[in-house]
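Listed below are the residues making up each chain.
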Amino acid sequence: MRKITAGLFISLDGVVEAPDQWHFPYFNDEMGAAVGAMLGTADTVLFGRKTYDSFAGAWPEREAAGGEDAGFAKTLGDARKIVASSRKLEFTWRNSEQLEGDLVDAVTALKNEPGGDIALSGSISVVRQLLAAGLLDELHLLVHPLAVRKGMRLFDEGEASVPLRLISSEAFQTGVLHLVYAPAEPKGDGTYDDAKGNLPQTDE
């Protein structure tokens, strides 16, 4: 079964919207390596329509320009790119196609196909749905030391909690934390009486 990994730039207050407006001052070689590892090793990239439009509007031109990011742009261009959208799309970026049918059903089938890893970048609505369906294997959060204070947050209000377990953590020189989570089983109900035995003990 193929592994699905999502990567997101996120602020301390949970904002994931429009990272191009706040995350670039924190982008260094450590973050570049982390992003490259997430996207560069996947042979398939899954997008929501808005994120795809952003990528398609920039990376083909960067590949053609032949600058220092042209190698990464070619890697993205060569990858199979699948876009989840409720409306019919037309593509000019090579190796792009539209996800057909229900998102969860289609991604479940995609995950069971032969092939390498599947990556997501951005695409918040897709990440939320795959987390809720238990289809996301790893969630990479690049947590910036900044409170943006406006914009869409990763987790909106809802009835069901989303339990996760920490796989790894790394602190970059910029203060960004690279946190990698995987789905976890709910811990069940707990009370203060259950927790108070873990409080520090003091001498009377």
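Residues numbered from 1 in each chain as written. Predicted model: local features only at pLDDT ≥ 70, side-chain atom pairs only at ≥ 80, totals over all residues. Heavy atoms only, no water.

(A) Spatial organisation of the nonpolar core. Residues Leu-120, Val-127, Leu-130, Leu-136, Leu-139 and Leu-154 are the most contacted members of the largest nonpolar core, which totals 27 residues. Broken down by secondary-structure element, the contributors of at least two residues to this core are strand 1 (4-11), strand 3 (80-84), helix 5 (103-111), strand 5 (118-121), helix 6 (124-133) and strand 6 (138-144). The element best represented in this core is helix 6, accounting for five residues. With 26 residues, the next largest nonpolar core counts Phe-47, Ala-79, Trp-93 and Val-176 among its residues. (Core = buried A, V, L, I, M, F, W, Y, C linked by side-chain atoms within 4.5 Å. Buried < 20%, exposed > 50% of the residue type's maximum accessible area, 1.4 Å probe, protein only. Helix = DSSP H or I, 4+ residues; strand = E, 2+ residues; numbered from the N terminus.)

(B) Representation of the pairing of strand 7 (residues 164-171) within the structure. Alignment of strand 7 against strand 8 (residues 177-183), held across seven bridges, turns out to be antiparallel. Paired with Arg-165 across the strands is Ala-182, a residue of strand 8. The turn linking strand 7 back onto strand 8 is made up of five residues, and Gly-175 within it adopts a positive phi angle of 95 degrees. (Pairing = 2+ DSSP bridges.)

(C) Structural view of helix 5. Listed in full, the buried residues belonging to helix 5 are Leu-103, Ala-106, Val-107, Leu-110 and Lys-111. Down the axis of helix 5, the buried side of the element spans an arc of 135 degrees, and every buried residue falls inside it. Where helix 5 is buried, its residues touch strand 1, strand 2 (44-48), strand 3, strand 5 and helix 6. The opening residue of helix 5 is Asp-102, an N-cap whose side-chain oxygen sits 3.1 Å from the backbone nitrogen of Val-104. (Arc of directions from axis to C-beta. Contact = heavy atoms within 4.5 Å. Polar contact = N/O pair within 3.5 Å; in protein donor to acceptor, adjacent residues only side chain to side chain.)

(D) Structural context of the packing of aromatic side chains. Enumeration according to the criterion identifies five aromatic pairs in this entry. Geometrically, the ring pair formed by Tyr-52 and Phe-91 is edge-to-face, given 5.4 Å between the ring centres and 85 degrees between the ring planes. Of this pair, Tyr-52 sits in helix 2 (residues 49-56) while Phe-91 sits in the loop between strand 3 and strand 4 (96-98), and the two are 39 residues apart along the sequence. On the basis of relative accessibility, which here comes to 5%, the residue Tyr-52 falls in the buried class. The positively charged end of Arg-62 is found above the aromatic ring belonging to Trp-59, 4.6 Å away from the centroid. Lys-81 extends its terminal NZ or CZ atom over the ring of Trp-93, reaching a point 4.6 Å from the ring centre. (Phe/Tyr/Trp six-rings, centres within 6.5 Å; stacked < 30°, edge-to-face > 60°. Lys NZ or Arg CZ within 6 Å of the ring centre and 35° of its normal.)

(E) Structural view of the sheet that holds strand 7. Across the sheet, which stays open at both edges, the eight strands sit in the order 4-3-2-5-1-6-8-7 with mixed pairing between neighbours. Here the strands that pair on one side only, and so sit at the sheet edges, are strand 4 and strand 7. The mean angle between the axes of side-by-side strands here comes to 25 degrees, regardless of whether they run parallel or antiparallel. Taken together, the three bridges between strand 3 and strand 4 define a ladder with parallel strand orientation. In the strand pairing of strand 4, Lys-81 is matched with Ser-96. Each of strand 1, strand 2, strand 5, strand 6, strand 7 and strand 8 is contacted by helix 1 (residues 29-40), which is oriented at about 160 degrees to strand 6, the strand it contacts most. (Axes fitted to C-alpha atoms, helices over the stretch in contact; angles between N-to-C directions.)

(F) Examining the pattern of salt bridges more closely. Summed over all chains, the structure comprises 12 salt bridges. The partner of Arg-2 in a salt bridge is Glu-113, and the shortest N-O contact between them spans 3.8 Å. Taken as a pair, Arg-2 in the segment before strand 1 and Glu-113 in the loop between helix 5 and strand 5 lie far apart in primary sequence, 111 residues in all. We classify Arg-2 as buried; its relative accessible area is 5%. By relative accessible area, Glu-113 is classed as partly exposed at 32%. Glu-113 serves as the salt-bridge partner of Arg-80, at 3.3 Å between the closest nitrogen and oxygen. Pair noted here: Arg-80 is in strand 3 and Glu-113 is in the loop between helix 5 and strand 5, with a separation of 33 residues, a long-range link. By relative accessible area, which is 27% here, Arg-80 ends up partly exposed. (Salt bridge = Lys/Arg side-chain N within 4 Å of Asp/Glu carboxyl O.)

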